[in-house]
Amino acid sequence: MNQKGKWYGTTFLTFLCVFWIMPVLVVLWNSFKDKNSINLQPFKLPTSETFIGFQNYAQAINKYGLLSSVGWTVFITVFSVAAILLFCSMTGWYITRVNSKWSKIIYLLCIFSMVVPFQMVMFTLSLVANMLHLTNPWGIIIVYLGFGAGLAVFMFTGFVRSIPIEIEEAAMIDGCTPLQTFFKVVMPIMKPTYISVGILETMWIWNDFLLPYLVLDIKKYKTISIVIQYMKGSYGSVDMGAIMAALILAVIPVIIFYLSCQKYIIKGVAAGAVKG
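For the structure given in this document, a descriptive report is provided here. As the structure is a prediction and not an experimental result, all values here were calculated from the model. (Residues numbered from 1 in each chain as written. Predicted model: local features only at pLDDT ≥ 70, side-chain atom pairs only at ≥ 80, totals over all residues. Heavy atoms only, no water.)

A closer look at the pattern of salt bridges
Our working rule: Here a salt bridge means any side-chain nitrogen of Lys or Arg lying within 4 Å of a carboxyl oxygen belonging to Asp or Glu. Only DSSP runs of H or I reaching four residues or more are called helices, and only runs of E reaching two or more are called strands; each is numbered from the N terminus.
As enumerated under the stated definition, the model contains 1 salt bridge in all. Between Arg-97 and Glu-168 there is a salt bridge, and its shortest N-O distance comes to 2.8 Å. Within this pair, whereas Arg-97 is found in helix α4 (residues 66–97), its partner Glu-168 is found in helix α8 (residues 165–173), the two being separated by 71 residues in sequence.

Description of the packing of helix α5 (residues 101–115) against helix α7 (residues 139–160)
Basically, it comes down to this: A fitted line through C-alpha atoms represents every axis, and for helices the fit uses only the stretch in contact; the resulting angles, taken between N-to-C directions, go from 0 to 180 degrees. Angle categories: roughly parallel below 35 degrees, roughly antiparallel above 145, roughly perpendicular from 65 to 115, and oblique for all the rest. By convention the crossing between two helices is left-handed if the near helix lies anticlockwise of the far one by an angle smaller than a right angle, and right-handed if it lies clockwise. Contacts: residue pairs with any heavy atoms within 4.5 Å of one another. Charged residues are taken to be Asp, Glu, Lys and Arg, nonpolar residues to be Ala, Val, Leu, Ile, Met, Phe, Trp, Tyr, Cys and Pro, and polar residues to be all remaining types, Gly included.
Put simply, α5 and α7 touch, their axes get as near as 8 Å, and they point 130° apart. Looking at the two axes, α5 sits oblique to α7. In the packing of α5 onto α7, the handedness of the crossing is left-handed. Residues Tyr-107, Cys-110, Ile-111, Ser-113 and Met-114 of α5 touch α7, and the partners they reach there are Gly-150, Leu-151, Val-153, Phe-154 and Thr-157. In terms of residue class, the contact of α5 with α7 is made up of 7 nonpolar, 3 polar and no charged.

Notes on a nonpolar patch on the surface
To keep it simple, the criterion reads: Nonpolar side chains (Val, Leu, Ile, Met, Phe, Trp, Tyr) are joined into patches within 5 Å and like charges within 9 Å, using only residues with over 30% relative accessible area and no salt bridge. Each accessible area is a Shrake-Rupley result for a 1.4 Å probe, and residues are judged covered by the shown protein chains and nothing else.
Taken together, the side chains of Val-18, Ile-21, Met-22, Val-24, Leu-25, Leu-28, Ile-255, Tyr-258 and Leu-259 define a hydrophobic patch exposed on the protein surface, amounting to about 690 Å² of accessible area. Mapped onto the nonpolar patch, the elements with two or more residues apiece are α1 (3–30) and α13 (240–261). Examining the composition of the nonpolar patch, we find that 6 residues originate from one element, α1, more than from any other. Mapped onto the fold, Val-24 is located in helix α1.

In structure tokens:
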């Protein structure tokens, strides 16, 4: 490629990056403006007349209880992702190493769950969650485990197929039990897939609105996305300043998490696609 082609390519990528990051920047500078200027001039940078400092952030935290929702969101995300990683990796290992009718059925059910639209099961899910008393942050972890298992099992199964079985046989000869073989031998090798699955599931659960809204008792427990929705008042009134501040507080952690771990996504996906 000649210098002119490289220049066009660099210019296009720069424009594309600016295009994608622009909405985040618009939300960021609007979070420091008063409500009237946000509604009238959302694309204008704050001026001395419109700049109000961190008042919108204080409003979101004090009036709408944003810190409490952040706590519940962190709790649900951390433990849901941990459950998905542990149980789905063990399931993927079992499916790959145990060649039986039941293991094939389990794998097909996990793949089928990725095809079924959420809208087909959401009302039934709400009824079942109420019947089984899953309408709390501890119960929704089980729900997320079920919905996140399809992709996770698919990726873990693909990666385990690339691991030579001789490594596990050598561990068995040395006296390891199946569980010891998994935790001491297989799990460290699966690190790239653990990281990539963890990133994908974390971003999904952190930003999810519909599942917590349907399952949780929102009078007691609210995630960040639910709190932001409740910032819309009656008769169409919307506290845009508080919403902008809440969006920034919700987006920053996941952006930092993604940027610090993004190199493992392609590595993990490629590793899981080596075989199968």
